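Summary of the model geometry
Single-letter residue listing:
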Amino acid sequence: MSAPTPIDAPPHILHLLSELHKLSLEQEAQISKTGKVLSTNVLGDLEDKGSATNPQEEFNQLMLDKFIALDEDKCQFTYQLINAMGATNIIEAGTSFGVSTIYLALAIAKTKAVTGKSGTVIATEKEKTKADVARKYWVQCGSVVEEQIDLREGDLLETLKGDLPEIDLLFLDIWTPLALPTLKTVLPRMRPGAVVLTDNTISGAEGYAELLAFLRSPENGFRNMTLPFTNGFEMSVYQPRSE
Ligand SMILES: C[S@@+](CC[C@H](N)C(=O)[O-])C[C@H]1O[C@@H](n2cnc3c(N)ncnc32)[C@H](O)[C@@H]1O
């Protein structure tokens, strides 16, 4: 017998989440041989195709209507981790249509209620059309989700430059070349014990080479583990040495 979902949410939200995961997987199966989209692989395929248009532009265009949502089990793990840590301030690097954001919002709503702390999910999306769709899904969920989210539209390397609280958790679900610059932007605001979660660190190891080298260099203060989810899910705990 499989365990019931750990997500504590009203039935209409659970139903919406399951529909959105299904749509996302159907889309990914259409554009990837492996059934899962990795930005570096999709871009590489477009470059190999040698099409007349600019591959990066073609890639951006292709991704405009794609969810590429975090796998359901990884979303559930993240929800559990947030509750266990009592995390209330989270940055999501890469929001798309806001599926994983719903889990983050539900989780901090719970930790805020238990701990009495304030907090926000800072979501980031560069494509306005995607941000608009994400907002619609959050409205469908209702205030328990909607009220937790500060969606910053535009390039996250700009939108995360200022006005950040002390961060408990950074979720990296962004095109691989942006992962390390994003971490470096947020790092000064991360509290000791903060967690960085990075998706697809096994299948995307090549694209993430610089990020993983940074996380795994002891002087940078992270302790890392690749969790055995499909394609890998890196959990890095920030424990800088005290001076
Ligand atoms: C893998 S998807 C995020 C999926 C989402 N976390 C989920 O699980 O539902 C990555 C998203 O990052 C966005 N993105 C790419 N470059 C960005 C940038 N420079 N700033 C903000 N968002 C960006 C893309 O448009 C895309 O929607």
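The rules behind each value
Residues numbered from 1 in each chain as written. Predicted model: local features only at pLDDT ≥ 70, side-chain atom pairs only at ≥ 80, totals over all residues. Heavy atoms only, no water. UniProt positions renumbered as here; feature names shortened; annotations may be inferred. Disulfide = S-S within 2.5 Å. Buried < 20%, exposed > 50% of the residue type's maximum accessible area, 1.4 Å probe, protein only. Helix = DSSP H or I, 4+ residues; strand = E, 2+ residues; numbered from the N terminus. Polar contact = N/O pair within 3.5 Å; in protein donor to acceptor, adjacent residues only side chain to side chain. Contact = heavy atoms within 4.5 Å. Pairing = 2+ DSSP bridges. Axes fitted to C-alpha atoms, helices over the stretch in contact; angles between N-to-C directions. Near = heavy atom within 4 Å. Areas by Shrake-Rupley, 256 points an atom, 1.4 Å probe, with all protein chains shown as cover. 1 Å grid on protein atoms, 1.4 Å probe; cavity = no way out; pocket = protein on both sides within 12 Å on 5 of 7 lines; lining within 4 Å. Sits in = over half its atoms within 2 Å of the grid points. Nonpolar A, V, L, I, M, F, W, Y, C, P; charged D, E, K, R; others polar. Core = buried A, V, L, I, M, F, W, Y, C linked by side-chain atoms within 4.5 Å. Domains from an automatic or database assignment. Salt bridge = Lys/Arg side-chain N within 4 Å of Asp/Glu carboxyl O.

Per an unreviewed UniProt entry, the protein chain goes by O-methyltransferase and derives from Aspergillus ibericus CBS 121593. As its UniProt record puts it under Sequence similarities (unreviewed entry), the protein chain is described as follows: "Belongs to the class I-like SAM-binding methyltransferase superfamily. Cation-dependent O-methyltransferase family."

Let us now look at the state of the cysteines. For the structure shown, the criterion picks out 0 disulfides. A disulfide-free cysteine, cysteine 75 has its sulfur positioned 12 Å from the sulfur of cysteine 141, the nearest such atom. Residue cysteine 141 is classed as buried on the basis of its relative accessible area, which comes to 4%.

With that settled, the discussion passes to the side chain of glutamine 27. Structurally, glutamine 27 can be placed in helix α1 (residues 11-31). A distance of 2.7 Å separates a polar side-chain atom of glutamine 27 from the backbone oxygen of aspartate 65. In this structure glutamine 27 touches Asp65, Lys66 and Phe67, once residues within four positions along its chain are discounted.

Moving on, we come to the environment of methionine 85. Assignment of secondary structure puts methionine 85 in helix α4 (residues 72-85). Sequence-wise, methionine 85 and phenylalanine 222 are 137 residues apart; in three dimensions their C-alpha atoms are separated by 17 Å. Methionine 85 has contacts with Asp168, Leu169, Arg191, Gly193 and Val195, leaving out every residue within four places of it along the chain.

As a further point, take unusual backbone geometry. In terms of backbone geometry, most residues other than glycine have negative phi values and most peptide bonds are trans. Positive phi outside glycine occurs at isoleucine 68, with the angle close to 50°. With respect to the helices, strands and loops of the structure, isoleucine 68 is situated in the loop between α3 (55-63) and α4. Residue isoleucine 68 is classed as buried on the basis of its relative accessible area of 17%.

So, about the sheet that holds strand β1 (residues 89-93). Overall, mixed pairing links the 7 strands, which are arranged β3-β2-β1-β4-β5-β7-β6 in an open sheet. A strand with exactly one partner marks an edge of an open sheet, and here the two such strands are β3 (149-153) and β6 (222-227). Neighbouring strand axes in the sheet, compared pairwise and without regard to direction, differ in orientation by 15° on average. Note: strand β2 (residues 120-125) against β3, 5 bridges, orientation parallel. By the bridge assignment, valine 121 is partnered in β3 with isoleucine 149. Contacts from α4 reach β1, β4 (167-172), β5 (190-199), β6 and β7 (233-238) within the one sheet, and its direction differs from that of β5 by about 175°.

Inspection of the region around the ligand gives 21 residues, with Leu70, Gly94, Ser100, Glu125 and Asp173 positioned closest. When the ligand sits alone it has 610 Å² of accessible area, and the protein chains cover 97% of it. With respect to the detected pockets, the ligand is housed in the largest pocket. Grouping the constituent residues of the shell around the ligand by class yields 9 nonpolar, 5 polar and 7 charged.

If you look at the biggest cluster of nonpolar residues, it comprises 42 residues, and the most contacted ones within it are Ile102 and Val145. Here this core takes 8 residues from helix α5 (residues 99-115), the largest share from any one element. Looking at which domains feed residues into this core, each of domain 1 (11-63) and domain 2 (72-238) supplies at least three. Beyond its immediate chain neighbours, meaning those up to four positions away, isoleucine 102 contacts Ile13, Leu16, Leu17, Leu20, Trp138, Cys141 and Val145.

Attention now moves to the pattern of salt bridges. Here the structure, examined in full by the defined rule, presents 12 salt bridges. In this structure, the salt-bridge partner of lysine 66 is aspartate 65, at a minimum N-O distance of 2.6 Å. The salt bridge partner of arginine 216 is glutamate 234, with a shortest N-O separation of 3.0 Å. Of this pair, arginine 216 sits in helix α10 (residues 209-216) while glutamate 234 sits in strand β7; the two residues are 18 residues apart in sequence, bridging distant segments of the chain. Taken together, the shared-partner salt bridges in this structure form one network comprising Lys128, Asp132, Arg135 and Glu153.

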